[in-house]
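Here is what each chain is made of, one letter per residue.
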Amino acid sequence: MSNTTADMTLLQVAVAAPVPELFLYLPPVAASPPAQPGCRVLVPFGRGQRVGLLVARITAASVRLPAAPLKPIAAVLDAIPLLGPAELAFVRWAGDYYRCPPGEALFTALPARLRRPTAVLARDVLTDAPTRPGAPGAARPLNAEQQAAVTAVSAQAGFGCFLLDGVTGSGKTEVYLHLIELALARGRQVLILVPEIGLTPQLAERIGARIIAPLAVSHSGLGPRARELAWHQAASGQARLLLGTRSAVFTPLPDLGLVIVDEEHDTSLKQQEGFRYSARDLAVRRAQLAACPALLGSATPALESLHNARRGRYRHLHLPRRAGTAVAPRILLADIRAQPLESGLSHALLTRIEAAIAAGDQALLFLNRRGFSPVLTCHDCGWISECPHCDARMTLHRDHGQLRCHHCGASRPLPVQCPYCESPDLRPLGQGTERVEDSLRQRFPGIPLARIDRDSTRRRGELARLLAAARRGDYPLLLGTQMLAKGHHLPGVTLVGIMDLDHGLYGSDFRAAERMAQVLIQVAGRAGRAERPGTVLVQTRHPGHPLLRNLLSAGYGAFAAAALAERAEAHLPPFSHQALLRADSPQEQAALAWLRQARELATELLANAPLPGVELWGPAPSNMERRADRYRAQLLLQAPRRGLLQGLLDRLLPALRTGKAPRHLRWGIDVDPQEML
Ligand code: ADP
Ligand code: ZN
Ligand code: ZN
């Protein structure tokens, strides 16, 4: 029974809950000024109250009303909208594209503090003024390729997307700086996205050394107040530059005039849970809506981006040489088959480390595995440290005296004897960064060493501190995971040792080779970025592998061309588009069974109204089927064009939502998935 009349104003609200619909409410009983779209509201929902975002004011005549009488909004939380019409439209578009419920999408876009019914931090008395850098340094003269890139982007009137494909150390950042200056001079704001927190201080410092303009920084390493302040500073236009990790893509920027995505190939730009958006792809969309250029930079562009460049959707800009006097590092393979290894370090690598230290240079060792060893085993009976909750092994963390599962977070004290046969002869198998650190400290006593991984950088500020010290050259020995390898400028490093990348050569994910090549080139790129030339030593048991040989002899561009040809042949992305329907359940087989039904449903829908070229693959159990006591499986949907894939999702998802799922089963959709799990 409706309690409304046709000319009444109703409020359409996205509630912060995982429900696909928007809800209608009556205006608040005690309406002071009318609530504006983009303001948060408190609404009755179920038996309690929820925070929601007012999406639109509409007249009752324009919608179909629900049967139940409408309730009034309980309270309006903001006097001034948090999101303007353009930002609302952008986030809603993103939610629709990635199939995320509107309330979840909108509240992911807001700073965490504002997801609760808290008052906004006073915006006109911003206590922390955005960083106002000191005396600017002089701009460097650009080389011809850099200048051509700057000219192309700055000449762009309106939207255009550019791929800045420049080898490591080719001066991409220098190009960004010039373009930032030009955009600021035109009175525009600039959004700069980086994939990792660790990359923000270095870039903020370089920007600060050159550009006089208020800069706001936003990333998950900051506290909730600092993040909200950065948000207000950007939204009010006080900050002219916003530098941040992926969620910064949603920050309102009223004068946006340039969008930069650094290390655009990096998968950290894709959110892997909840609202599974790609910050890179959304950044391009954002630029399109703001009618301004977008610049994607990388030394190892994603195959998607290269494909977009080839078919003319992006302009391809090249920086083929290292800037200044630095030359490309020499990359050598070290065949470690049948070689004695010291905690995974070959004799060849140790000799070079010794030489680098003796020459007063820095050596950087890369091993993408933290902890002491990935497995603990019993020498007598063969017991191995399996996680009780996952199809995975528990990693030995000697620093903490624990076995830890990197997949579910479970931990337990280090056993002193085998839990199975009680033998005291337990041995670590394989190595992680802790073990290599140990070994290097023994081998090079007294030489300062910094280990940079998630465990060694837990304290707030520790990563920035270690990286700054590494840049200054305080540590002749640097050892770390990808945290250390990504995009950092470490001028003293002349030797890079890559301990193990072989798993990338035979990975089950079709992107494994692309990822391996990107990591190798990126890590290698840390070597010889200043006056002294660099050497990279890659340890491998597959020195003859064609991918590796092609990559080393012909470079990433040639590698990518070959990989793209393979993808085209196999109709894999970027030559097709995918969405992954994932499900998990505490009951074995339940997720798989539900996905089989989903597949039947999809088949039926396709039979009724065919979508040419749409394919269904699976369902199949995930690679690691059991994780945190849940059994996981996935069904892959693939289509030759985005529109067809979205067409299938339009029909399939509502049907799945109304259908019955077994208790405790969770499911979700990942559009443009970056990882098959
Ligand atoms: P990238 O971002 O491509 O890795 P950077 O912008 O960090 O490269 O540049 C690498 C190094 O080269 C830096 O030390 C930078 O100051 C220097 N550099 C960049 N452009 C020039 C140039 N035109 N002339 C001289 N040195 C340059
Ligand atoms: Zn045993
Ligand atoms: Zn586990």
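Residue numbers restart at each chain and count upward from 1, following the sequence in its written direction. Written order determines the labels here, with chains lettered from A and ligands numbered from 1. Confidence filtering applies because this is a predicted model: local features only for residues at pLDDT of at least 70, side-chain atom pairs given and counted only at 80 or more, and all residues used for totals across whole chains, interfaces and linings. Note that the side-chain values use all heavy atoms of the structure and ignore hydrogens as well as water.

> Whenever I open this one, the pairing of strand β27 (residues 615-627) confuses me. Can you help?
Pairing between β27 and strand β28 (residues 630-639): 7 bridges, direction antiparallel. Looking across to β28, one finds that P621 is bridged to A633. Two strands make a pair as long as DSSP finds a minimum of two bridges between them. Runs of H or I in DSSP of at least four residues are treated as helices and runs of E of at least two as strands, each being numbered from the N terminus.

> Before we go on, may I ask you to explain the sheet that holds strand β25 (residues 535-540) in this structure?
The strands making up a sheet are joined through hydrogen bonds of the backbone, oriented either antiparallel or parallel. Reading across the sheet, the 6 strands line up as β13-β25-β24-β16-β23-β22 and stay open at both edges, with parallel pairing between neighbours. If you trace the sheet from one side to the other, it starts and ends with β13 (330-335) and β22 (449-452), each paired once. Taken over all neighbouring pairs, the strand axes of this sheet differ in orientation by 15° on average, direction set aside. Against the sheet, helix α13 (residues 512-524) contacts β13, β16 (362-366), β24 (493-498) and β25, and its axis sits at roughly 155° relative to β24. Simply put, an axis is a line fit to the C-alpha atoms, just over the touching stretch for a helix, and the angle between two N-to-C directions goes from 0 to 180 degrees. In this analysis, two residues are considered to be in contact whenever any of their non-hydrogen atoms come within 4.5 Å of each other.

> What am I meant to see in the domain arrangement of the chain here?
A common way to express how large an interface is: the accessible area buried when the components associate. Its domain assignment divides the chain into domain 1 (3-115), domain 2 (144-319), domain 3 (330-373 + 430-566) and domain 4 (577-671). Segmentation into domains, and thus their bounds, comes from an automatic or database assignment. If you average the C-alpha positions of domain 2 and of domain 3, the two centres end up 27 Å apart. Tallying the contact residues gives 26 residues for domain 2 and 23 residues for domain 3. The buried area of a pairing is the accessible area, by a 1.4 Å probe, that goes missing from both parts when the two are put together, added over both. The largest per-residue losses of area from domain 2 upon contact with domain 3 belong to Q202, T300 and L303, which jointly make up 29% of the total buried on that side. The salt bridge definition used is simple: a Lys or Arg side-chain nitrogen within 4 Å of an Asp or Glu carboxyl oxygen. Between the two partners, domain 2 and domain 3, sit 2 salt bridges. We note a salt bridge from E205 to R471, for which the minimum N-O separation is 3.7 Å. Distance and chemistry together define a polar contact, namely a pair of N or O atoms within 3.5 Å, with one atom able to donate a hydrogen and the other to accept it when in protein, and with adjacent residues in sequence counting only for side-chain atoms on both sides. Our count for the contact surface shared by domain 2 and domain 3 stands at 9 residue pairs in polar contact (both at pLDDT 80 or more). For the side of domain 2 that touches domain 3, the secondary structure elements donating two or more residues are α5 (200-208) and α8 (303-310). Only Asp, Glu, Lys and Arg are considered charged in this grouping, and only Ala, Val, Leu, Ile, Met, Phe, Trp, Tyr, Cys and Pro are considered nonpolar; every other residue, Gly among them, is considered polar. Within the side of domain 2 that touches domain 3, the residues separate by chemical class into 8 nonpolar, 12 polar and 6 charged.

> Would you mind going over the coordination of the zinc ion (ligand 3) with me for this structure?
Note on metal geometry: ideal angles are 109.5 degrees for four donors arranged tetrahedrally and 90 or 180 degrees for six donors arranged octahedrally. In this analysis a donor is any N, O or S atom within 2.8 Å of a metal ion (3.2 Å for sodium, potassium and calcium), and since water is not included, sites may seem incomplete. C387 (SG), C390 (SG), C405 (SG) and C408 (SG) make up the full set of protein donors to the zinc ion (ligand 3), lying at 2.2 to 2.3 Å. Metal-centred angles of 106 to 114° between the 4 donor atoms at the zinc ion (ligand 3) mark the site as tetrahedral. Positions of the donor residues of the zinc ion (ligand 3), expressed as sequence spacing, correspond to C-x2-C-x14-C-x2-C. Of this pair, C387 sits in the loop between β17 (375-378) and β18 (395-397) while C405 sits in the loop between β19 (402-404) and β20 (411-413), and the two are 18 residues apart along the sequence. Comparing C387 with C405, the two get one shared label, buried. Sites are called tetrahedral only when four donors show all angles between 85 and 135 degrees, square planar or octahedral only when four or six donors show opposite pairs over 155 degrees and all other angles between 65 and 115, and irregular in any remaining case. Per-residue accessibility, obtained with a 1.4 Å probe over protein chains only, is compared with the maximum for each type, and a residue is labelled buried under 20%, exposed over 50%, and partly exposed between these values.

> For this particular structure, what's the right way to read unusual backbone geometry?
Negative phi values dominate among residues other than glycine, just as trans dominates among peptide bonds. Here the amide bond leading from P573 into P574 is cis, since omega sits at 5°, within 30 degrees of zero. Residue position: P574 is located in the loop between α14 (546-569) and β26 (577-585). Following G618, the chain continues into P619 via a peptide bond in cis, with omega recorded as 5°. Among the structural elements, P619 can be located in strand β27. A positive phi angle is found at A628, which is not glycine, with a value near 50°.

> I would appreciate a short explanation of the coordination of the zinc ion (ligand 2) in the present structure.
Each protein donor to the zinc ion (ligand 2) is listed here as C378 (SG), C381 (SG), C418 (SG) and C421 (SG); together their distances run 2.2 to 2.3 Å. In this structure, the zinc ion (ligand 2) is surrounded by 4 donor atoms whose angles at the metal cover 105 to 112°, and the resulting shape is tetrahedral. Every donor residue of the zinc ion (ligand 2) comes from the same chain, spaced as C-x2-C-x36-C-x2-C. Within this pair, whereas C381 is found in the loop between β17 and β18, its partner C421 is found in the loop between β20 and β21 (426-429), the two being separated by 40 residues in sequence. Judged by relative accessible area, C381 falls into the partly exposed class, the value being 36%.

> Any chance you could explain the sheet that holds strand β1 (residues 9-15) here in plain terms?
The antiparallel open sheet is built from 5 strands, whose spatial order is β2-β1-β4-β3-β5. With one partner strand each, in any of the chains shown, β2 (23-25) and β5 (75-76) form the two edges of the open sheet. Taken together, the 6 bridges between strand β3 (residues 40-45) and strand β4 (residues 48-59) define a ladder with antiparallel strand orientation. Its bridge partner being in β4, P44 is matched across the sheet by Q49. Packing against the sheet, helix α2 (residues 102-109) makes contact with β1, β3 and β4, and its axis sits at approximately 70° to β1.

> In this structure, what is going on with the nonpolar core? I would like to understand it.
Soluble globular proteins tend to bury their nonpolar side chains together. For our purposes a nonpolar core is just a set of buried Ala, Val, Leu, Ile, Met, Phe, Trp, Tyr and Cys residues, chained together by side-chain atoms within 4.5 Å. Ranked by size, the top nonpolar core spans 123 residues in total, and within it F250 and L637 carry the most contacts. By residue number, the principal contributor to this core is helix α15 (residues 590-608), which donates 8 residues. Among residues more than four places away in sequence, those in contact with F250 are F90, V91, A94, A109, F275, Y277, L282 and R286. In terms of nonpolar packing, the next biggest core, distinct from the first, is built from 31 residues, L177, I207, L243 and L319 among them.

> How should the packing of α8 against α14 be read in this particular structure?
To characterise two packed helices, one gives the angle between the axes of the helices and the distance between these axes. Between α8 and α14, whose axes approach to 10 Å, the crossing angle comes to 85°. Taken together, the axes of α8 and α14 are roughly perpendicular relative to one another. For the pair α8 and α14, the contacting residues are L303, L306, H307 and R310 in the first and Y556, A560, A561, A563, L564 and R567 in the second. Each residue belonging to the contact of α8 with α14 can be placed in one class, and the counts come to 7 nonpolar, 1 polar and 2 charged. Under this scheme an angle from 65 to 115 degrees is roughly perpendicular, one under 35 degrees roughly parallel, and one over 145 degrees roughly antiparallel; angles in between are oblique.

> Please explain the site of ligand 1 as it appears in this structure.
As a matter of local geometry, ligand 1 sits amid 17 residues, with R140, Q146, K172, T173 and R206 nearest to it. K172 is positioned with one of its backbone polar atoms (N or O) 2.9 Å from an oxygen atom of ligand 1. Between ligand 1 and R206, the relevant distance is 2.7 Å, taken from an oxygen atom to a side-chain nitrogen or oxygen of the residue. Contact with the protein chains covers 83% of the free accessible surface of ligand 1, which is 560 Å². With 3 residues, the single largest contributor to the shell around ligand 1 is helix α4 (residues 172-185). Among the residues making up the shell around ligand 1, the classes are represented as 4 nonpolar, 8 polar and 5 charged. Nearness here has a simple test: a residue counts as near a molecule or strand if at least one of its heavy atoms is within 4 Å of that partner. Only the protein chains shown count as cover for residues, and all accessible areas are computed by the Shrake-Rupley method using a 1.4 Å probe.

> What exactly am I supposed to notice about the packing of aromatic side chains here?
To describe a pair of aromatic rings, you give the distance between the ring centres and the angle between the ring planes. What counts as a ring pair is set by centres within 6.5 Å for rings of Phe, Tyr and Trp (its six-membered ring), and what kind of pair is set by the plane angle: stacked under 30 degrees, edge-to-face over 60, tilted for all other angles. Evaluated as defined, the whole model comprises 10 aromatic pairs. Seen in terms of ring centroids, F250 and Y277 are 4.9 Å apart; in terms of plane orientation they differ by 70°. Their pairing is edge-to-face. With F250 in the loop between β9 (241-244) and β10 (256-262) and Y277 in the loop between β10 and α7 (279-290), this pair connects stretches of sequence that are 27 residues apart. Residue class for Y277 comes out buried when judged on its relative accessible area of 1%. In textbook terms, an aromatic cluster arises when at least three aromatic residues are bridged by ring pairs, as seen for F90, W93, Y97, Y98, F250, F275 and Y277. A ring is scored as having a charge over it whenever the NZ atom of a lysine or the CZ atom of an arginine sits within 6 Å of its centre and within 35 degrees of its normal. Just above the ring of W93 sits the side chain of R285; from NZ or CZ to the centre is 4.3 Å.

> How do you make sense of the packing of helix α3 (residues 144-154) against α4 when you look at a structure like this?
Close contact between α3 and α4 brings their axes to 10 Å; oriented N to C, the two are set at 35°. Crossing of α3 over α4 shows right-handed handedness. Residues Q146, A149, V150, V153 and S154 of α3 pack against E174, V175, H178, L179 and L182 of α4. In the contact of α3 with α4, the residues fall into 6 nonpolar, 3 polar and 1 charged. For any helix crossing, the convention is left-handed if the near helix is rotated counterclockwise from the far helix by under a right angle, and right-handed if that rotation is clockwise.

> How should I be thinking about the pattern of salt bridges in this particular structure?
On inspection of all chains with the given rule, the structure shows 36 salt bridges. Residue R369 pairs with D500 through a salt bridge whose shortest N-O separation is 3.4 Å. On the criterion of sequence distance, the pair formed by R369 in the loop between β16 and β17 and D500 in the loop between β24 and α13 is long-range, its members being 131 residues apart. Exposure remark for R369: the relative accessible area of 28% places this residue in the partly exposed category. Look at D500 and you get partly exposed, because its relative accessible area is 24%.

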